[in-house]
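# Results of the structural survey
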Amino acid sequence: MDELTAQITERAIKIGGGEQVAAILARPVEDTSLPAIVILNTGVAHRVGHHRKFVTLSRRLANNGHIVVRFDFPGLGDSPAMTGEDTLLDTNMASIRDVLDWMDATLGRRRIVLLGLCSGADQSIIYASRDPRVNGAILLDPSIPRTRRYYVNDLYKRLMRRSFWTNILSGRGRVWNKVRRVLHRQTGPQMTLPGQFSRPNLEHPEAIAFLENVYQGAMDHHAELLAVFTAGPHYQHNYRRQIIDALPGVDFGDRLKLYFLKECDHTFLREAQRERLYTIIADWLAQRFPALEEVRVDVGQTEETGDPDMEIEEF
Amino acid sequence: MTPFYFGSRERRLFGVYHPAQGGGGSRAVVMCYPWGYEYVNAHRSLVKLASLLSQEGYHVLRFDYFGTGDSAGEDHEMTLQGSLSDISMAIEELKDLSGADHVSVIGLRVGAALAAQAARKWPDDISSLVLWDPILKGAEYLQELYLLDDSMRIPGVGPAAQFSPERGGGREVMGFPVTDALASEFSGLDVVSTISELKLPVFMVAIRPVPGQADVAYELSSRDGSGFELIDDQPVWHEEWPDNVGVIPVTVLNRIVSWMN
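Residues numbered from 1 in each chain as written. Chains lettered and ligands numbered in written order. Predicted model: local features only at pLDDT ≥ 70, side-chain atom pairs only at ≥ 80, totals over all residues. Heavy atoms only, no water.

By the naming in an unreviewed UniProt entry, chain B is Serine aminopeptidase S33 domain-containing protein, taken from Hyphomonas pacifica.

The name an unreviewed UniProt entry assigns to chain A is AB hydrolase-1 domain-containing protein, from the organism Hyphomonas pacifica.

Below, the structure is given as structure tokens:
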């Protein structure tokens, strides 16, 4: 057996009334009171995750004493698609509940931390607002609205780029493309815009109210939050505290830890970045979720205390 | 479908067994995944192919090589030689599960190259072969991988790491280590010559022309029961986000199933 799995076991399981959820259970050989971790899919990628990072992360966390379940939503990976009238969100919420019910009934685990990247992060926080068993959520690049400061940062960064000015002078680029579209003089293929993947719909009052409601719901259940933002979705977020500015109606108190990894892409493609992520997660879990017999350490206003190397430049 | 672990204590492999629907017979298929980022992208389509074959009455086993997916082992421990022995274990496992005396093997990309090698090595166990966009010349594939990684312009992605000799040397490529050993193995892949040595029926399907393909097509067209087809469909192993994310190459899958039948 390789070194990584010497202290843990892994088992393939099927969960749910129709055994429709395929999952891998990773657990330490010696049981602990630490919260269990549940890892959700990213987009349509199966539970292994891009660059196999959720497998490595599962094994590392299991080595640290956590029970870890990584699973596939119905229709993804090794879980068959569900038939019925439920929306995709409802189906996925029901699947998370099935996993938590299984962990409760089979393993006696009622302290759960959800973990997800991108859509997985969004579904983690939505579910966390609905189930008090979720004691924490690790949100990697969750969807948040852009703010006034985001736009200022974005404009500043573009003005600082040489390409911006060479494009202006040569009649190319984003600005001229917009001008041409306004003047209906666009010919030839549409130019790809750097911000074309942004989600302005998140800035609608209804969307902000929805997000504030789910984040506040999680906080009302006393959940701890770790939010890690990367430079990948630069069209959507570009500074560490954006989530706080974007959702002013949420009282995060001292239970939100924030990181902005400006030298990291959305899927954590480089191994060094994944190692950094694993360390951030392990440290946060150790700090916020000590074993039940240990005395809880007061960690204070952690949203103000990030590693300065991980910050985007402040303006 | 049934997810489970099999193999030896030193080499635990994750597999998913799709039993033949409708009772089934003794027809069985082992599927061989591609490598690295191509595996992540193509997984969804290979699950679909396994499901289609199961509905057609085939017992199907798809599995992760050691050091990949949910199987044991770390990324840098994956080698082609080791993966070839994993294919042998998967064949034996599927024969036990299904009662089949021999199996067909379907491989995609590097998985196809491995499948061809397996067919040469264990001719009594493998009765037919489907090669889906196989890596025909490993040296060219390796250079394509390096070029692809080096030319990435994604915010936040820095240069690829070089690994120490203790880690097996080599460098990162698209999120996975290509150790010195694996690079050497990739460079040595020559599916064109391997195919020429095979006596069993081989169906090769590709979505784009590549160097060496015409030679294989000519070779296969001259044999009874073998063939080659170029089909216009999606490169499911290469994500061109967001255009082909989650897309299933229906035409290719249906053609593979019809050839198997």
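Let us keep going from here.
This part covers the overall build of chain A. Along its length, chain A carries 9 helices and 8 strands. Expressed as a percentage of the 315 residues in chain A, the buried residues total 57%. Intrachain contacts of chain A at a sequence separation of at least 6 include 72% that bridge at least 24 residues. Carbon and sulfur atoms make up 53% of the accessible area of chain A, which amounts to about 13900 Å² in all. (Helix = DSSP H or I, 4+ residues; strand = E, 2+ residues; numbered from the N terminus. Buried < 20%, exposed > 50% of the residue type's maximum accessible area, 1.4 Å probe, protein only. Contact = heavy atoms within 4.5 Å. Areas by Shrake-Rupley, 256 points an atom, 1.4 Å probe, with all protein chains shown as cover.)

Residues and elements named next belong to chain A. Taken together, the side chains of Leu155, Tyr156, Leu159, Met160 and Trp165 present a nonpolar region at the surface, about 500 Å² in accessible area. If you tally residues by element for the nonpolar patch, the top one is helix H4 (residues 148-159), at 3 residues. Within the secondary structure layout, tryptophan 165 lies in helix H5 (residues 162-170). (Patch = residues over 30% accessible without salt bridge, like charges linked within 9 Å, V, L, I, M, F, W, Y side chains within 5 Å. Salt bridge = Lys/Arg side-chain N within 4 Å of Asp/Glu carboxyl O.)

All names here are of chain A. Among the 8 residues of strand S2 (residues 21-28), 7 are classified as buried, and the element is accordingly described as predominantly covered. Examined bridge by bridge, strand S1 (residues 8-15) and S2 share 8 bridges and lie antiparallel to one another. Within S2, the residue paired with alanine 12 across the bridge is isoleucine 24. The antiparallel pairing of S1 with S2 creates a hairpin that spans 5 residues between the two strands, and glycine 16 there sits at a positive phi of about 105°. The pairing of S2 with strand S4 (residues 68-71) spans 4 bridges and is classified as antiparallel. Among the inter-strand pairings, alanine 26 is bridged to a residue of S4, identified as valine 68. (Pairing = 2+ DSSP bridges.)

Let us now look at the pairing of strand S6 (residues 126-132) of chain B. Residue and element names in this part refer to chain B. Burial of S6 is extensive: 6 of the 7 residues sit out of reach of the surface. The pairing of strand S5 (residues 103-108) with S6 spans 6 bridges and is classified as parallel. Among the inter-strand pairings, serine 104 is bridged to a residue of S6, identified as serine 128. Note that the unit made of S5, helix H3 (residues 110-121) and S6 has a crossover that is right-handed. Strand direction decides the pairing type here: S6 and strand S9 (residues 202-206), joined by 4 bridges, are parallel. The partner of leucine 131 across the bridge, within S9, is methionine 204. (Right-handed = clockwise from strand over helix to strand, strands pointing away.)

Even without glycine at this site, histidine 222 of chain A takes up a positive phi of about 65°. Mapped onto the secondary structure, histidine 222 of chain A falls in the loop between helix H7 (205-220) and strand S7 (224-230).

With that settled, the discussion passes to the interface of chain A and chain B. In many analyses, interface size is given as the accessible surface area lost on bringing the parts together. Contacts between the two partners involve 39 residues from chain A, matched on the other side by 45 residues from chain B. Roughly 3100 Å² of surface becomes buried between chain A and chain B when both sides are summed, with 52% attributable to carbon and sulfur atoms. Contact with chain B buries area across many residues of chain A, yet Arg52, Asp78 and Arg270 of chain A alone supply 22% of it, more than any other trio. Our count for the contact surface shared by chain A and chain B stands at 6 salt bridges. In this structure, the salt-bridge partner of arginine 167 of chain B is glutamate 271 of chain A, at a minimum N-O distance of 2.9 Å. Summed over the shared surface of chain A and chain B, the result is 24 residue pairs in polar contact (both at pLDDT 80 or more). For the side of chain A that touches chain B, the leading source of residues is S1 of chain A, giving 4 residues. Tallied by class, the residues present in the side of chain A that touches chain B amount to 15 nonpolar, 9 polar and 15 charged. (Buried area = accessible area lost by both parts, 1.4 Å probe. Polar contact = N/O pair within 3.5 Å; in protein donor to acceptor, adjacent residues only side chain to side chain. Nonpolar A, V, L, I, M, F, W, Y, C, P; charged D, E, K, R; others polar.)

Moving on: the confidence of the model for chain A. Residues at a pLDDT of 70 or more form 87% of chain A, whose mean pLDDT is 87. Predicted confidence is poor over residues 295-315 of chain A, with pLDDT under 50, and the contacts of this stretch with residues over four places away or in other chains come to 46 contacts. (pLDDT = per-residue confidence, 0-100.)

Moving on, we get to the sheet that holds strand S6 (residues 134-140) of chain A. What holds strands together in a sheet is hydrogen bonding between their backbones, with the strands either parallel or antiparallel. All names here are of chain A. Pairing is mixed in the open sheet, where 8 strands are placed in the order S1-S2-S4-S3-S5-S6-S7-S8. Among the strands making up the open sheet, the edge pair consists of S1 and strand S8 (256-261). In this sheet, adjacent strand axes meet at a mean angle of 15° when their direction is disregarded. (Axes fitted to C-alpha atoms, helices over the stretch in contact; angles between N-to-C directions.)

With that out of the way, let us pick up the domain arrangement of chain B. All names here are of chain B. Along its sequence, chain B is organised into domain 1 (2-136 + 190-260) and domain 2 (138-188). The C-alpha centroid of domain 2 is placed 23 Å from the C-alpha centroid of domain 1. In this complex, domain 1 contributes 18 residues to the contact, which on the side of domain 2 involves 16 residues. With both sides pooled, the region where domain 1 packs onto domain 2 buries about 1500 Å², and carbon together with sulfur makes up 69% of that total. Among the residues of domain 1 in contact with domain 2, Trp35, Tyr37 and His76 are the three that bury the most area, contributing 41% of the side total. Summed over the shared surface of domain 1 and domain 2, the result is 0 salt bridges. Taken together, the links from domain 1 to domain 2 amount to 3 residue pairs in polar contact (both at pLDDT 80 or more). Going through the elements one at a time, helix H1 (37-55) and helix H2 (80-98) are the ones with two or more residues in the side of domain 1 that touches domain 2. When residues of the side of domain 1 that touches domain 2 are assigned to their parent elements, the largest contribution, 3 residues, is made by H1. (Domains from an automatic or database assignment.)

In this section: the packing of helix H2 (residues 88-107) of chain A against helix H3 (residues 119-128) of chain A. A pair of packed helices is characterised by two quantities: the angle between their axes and the separation of those axes. All names here are of chain A. At their nearest, the axes of H2 and H3 sit 10 Å apart, and the two run at 70° to each other. By the angle class used here, H2 and H3 are roughly perpendicular. Crossing handedness for the pair H2 and H3: right-handed. For the pair H2 and H3, the contacting residues are Leu89, Asn92, Met93, Ile96, Arg97 and Leu100 in the first and Gln123, Ile126 and Tyr127 in the second. When the residues that make up the contact of H2 with H3 are grouped by side-chain class, the tally is 6 nonpolar, 2 polar and 1 charged. (Parallel < 35°, antiparallel > 145°, perpendicular 65-115°, else oblique. Left-handed = near helix turned anticlockwise from the far one by under 90°.)

Take the UniProt feature "domain: AB hydrolase-1" (unreviewed entry) in chain A next. UniProt marks residues 36-157 of chain A with the feature "domain: AB hydrolase-1" (unreviewed entry), using the numbering shown here. Counting secondary structure, residues 36-157 of chain A comes out at 42% helix and 17% strand; the distance between its end C-alpha atoms is 41 Å. (UniProt positions renumbered as here; feature names shortened; annotations may be inferred.)

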